[in-house]
Amino acid sequence: MASEPISLRGVILSSGEFKDKDRIITFLSSEAGVINVCVKGSGKQGSKLLSATIPFMVCDIVVSMTGNYYYLKEFSIVYSNSEILNSLEAMTCAAHIGKLLSTSYIDDTNSKVMYELCVYTYYALSKDPEDHKLIYSAFNWRFLYLLGYCILYTHCNSCSGEFDSSAYLSYSTGEAHCVDCYGKGRTFEDMMLMSSAGIKALNHFIESDIKKLFMVKVDDNTLKMLSLFTTRCLDIQLEGTYDSYLELMRDLDV
Ligand SMILES: [Zn+2]
């Protein structure tokens, strides 16, 4: 027997085929976190529900539960974020974000902030798809921060001196070492040299009001370092492989 209908506002993180004529969407909302919803018959030609399976949209849905599965009953688009689909880079970035959100631990305590981060990030990507490099690293860092994997960089962990220039940052422990202390009697194999502009940007991604998260000017070389660093941190901290966007950048040679 189906449960009482549940109304949710949320974001479609991804969409995939299910059986012959159905699709499954992965849906993030502040109330329910991440759920998988079966969209019956959406694979049939001319199905009205086909538009309910386009990723990265914010929408209102009504679902009911039968057995262990949610089924889509009603659907309306709040914000389509359709410009994301016109840029391969923005789309790959959005899919990377969808993968992170659907495979990480999201529960009652963080679903609201994760939903908010996702909505602002997809909106920014749709509005300015060419800003994908900044949006990519900003999302990665804020996301890791919300999961408790990174902190502000203010002092060298070795000499306690304040940072005023570039420093070595660890992928795995959150440690940071100034250039003078780096390597003194110890080896730091999991560290990367980050410019002071890069360190400032990382701190901004943690401290900023969500509405101003992407309002920071960073030069192209720093953006490249940030995308390398934040991706490596994701891989190590979350024990996964999250390099689809970096691979695309490598293929495009940018
Ligand atoms: Zn130091």
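Here the residue index of a chain counts from 1 through its sequence in written order. Residues qualify for local features only when their pLDDT is at least 70, as the model is predicted, and side-chain atom pairs are given and counted only at 80 or more; totals for whole chains, interfaces and linings, by contrast, use all residues. Think of the side-chain values as coming from all heavy atoms in the structure, minus any hydrogens and water.

What exactly am I supposed to notice about the pattern of salt bridges here?
A side chain with one charge may pair with a side chain of the opposite charge, provided their charged atoms come close. Salt bridges are identified by distance alone: a Lys or Arg side-chain nitrogen within 4 Å of an Asp or Glu carboxyl oxygen. Considering all chains together, one arrives at four salt bridges under this definition. Put simply, D128 and K127 hold a salt bridge, and the shortest N to O gap is 3.8 Å. Only protein chains enter the accessibility calculation, which uses a 1.4 Å probe. A residue is then buried if its area is under 20% of the maximum for its type, exposed if over 50%, and partly exposed in between. Residue classification places D128 among the partly exposed positions, given a relative accessible area of 26%.

So what exactly am I meant to see when it comes to the confidence of the model for the chain here?
In low-pLDDT regions, the fine details of the predicted coordinates are not to be read closely. Per-chain confidence: the chain averages 92 in pLDDT, with 98% of residues scoring 70 or above. Per-element averaging of pLDDT across the chain places strand 7 (residues 176-178) at the bottom with 91 and helix 3 (residues 132-146) at the top with 98. The pLDDT value expresses, per residue, how confident the predictor is, ranging between 0 and 100. The numbering of helices and of strands both runs from the N terminus, where a helix is a DSSP run of H or I of at least 4 residues and a strand a run of E of at least 2.

Can you help me understand the environment of N157 in this one?
With respect to the secondary-structure elements, N157 resides in the loop between helix 3 and strand 6 (167-170). When the C-alpha atoms of N157 and G240 are compared, they prove to be 27 Å apart, with 83 residues separating the residues in sequence. Contacts: residue pairs with any heavy atoms within 4.5 Å of one another. Among all residues touching N157, those that are not within four sequence positions of it are G174, E175, A176 and H177. Polar contacts here mean pairs of N or O atoms no more than 3.5 Å apart (in protein, one a potential hydrogen donor and the other a potential acceptor; neighbouring residues in sequence count only if both atoms are side-chain atoms). At 2.6 Å, the side chain of N157 and the backbone nitrogen of A176 are in polar contact.

In this structure, what is going on with the sheet that holds strand 7? I would like to understand it.
The strands that make up a sheet pair up through hydrogen bonds in the backbone, lying either parallel or antiparallel. Note: two strands are recorded as paired if DSSP finds a minimum of 2 bridges between them. Pairing is antiparallel in the open sheet, where three strands are placed in the order 7-6-8. A single partner strand is all that each edge strand has here, and the edge strands are strand 7 and strand 8 (191-194). Direction aside, neighbouring strands of the sheet carry axes that sit 30° apart on average. Pairing analysis gives four bridges linking strand 6 to strand 8, with the strands arranged antiparallel. Its bridge partner being in strand 8, A167 is matched across the sheet by M194. Here an angle of 0 to 180 degrees is reported between the N-to-C directions of two axes, which are lines fitted to C-alpha atoms, with helices fitted over the stretch in contact. Packed onto the sheet, helix 4 (residues 196-207) meets strand 6 and strand 8 and runs at close to 105° relative to strand 8. Its contacts with the sheet place helix 5 (residues 220-237) against strand 6 and strand 8, and it is angled at close to 155° to strand 8.

What am I meant to see in the domain arrangement of the chain here?
By a frequent convention, interface size equals the accessible area lost on bringing the separate parts together. By the assigned domains, the chain splits into domain 1 (6-79) and domain 2 (82-151 + 187-252). Each of domain 1 and domain 2 was reduced to a C-alpha centroid, and the two centroids are 25 Å apart. Taken together, the contacts link 15 residues of domain 1 with 17 residues of domain 2. For any pair of parts, buried area is found by adding up, for both, the accessible area (1.4 Å probe) each one loses once the two are put together. Buried area between domain 1 and domain 2, summed over both chains or domains, comes out near 1,300 Å², and the portion from carbon and sulfur atoms is 80%. Where domain 1 meets domain 2, there are zero salt bridges. The tally of links from domain 1 across to domain 2 stands at one residue pair in polar contact (both at pLDDT 80 or more). Put simply, the parts of the chain that give the side of domain 1 that touches domain 2 at least two residues each are strand 1 (6-18), strand 2 (22-29) and strand 3 (33-39). The element best represented in the side of domain 1 that touches domain 2 is strand 1, accounting for five residues. Per the annotation, domain bounds derive from an automatic or database assignment of domains.

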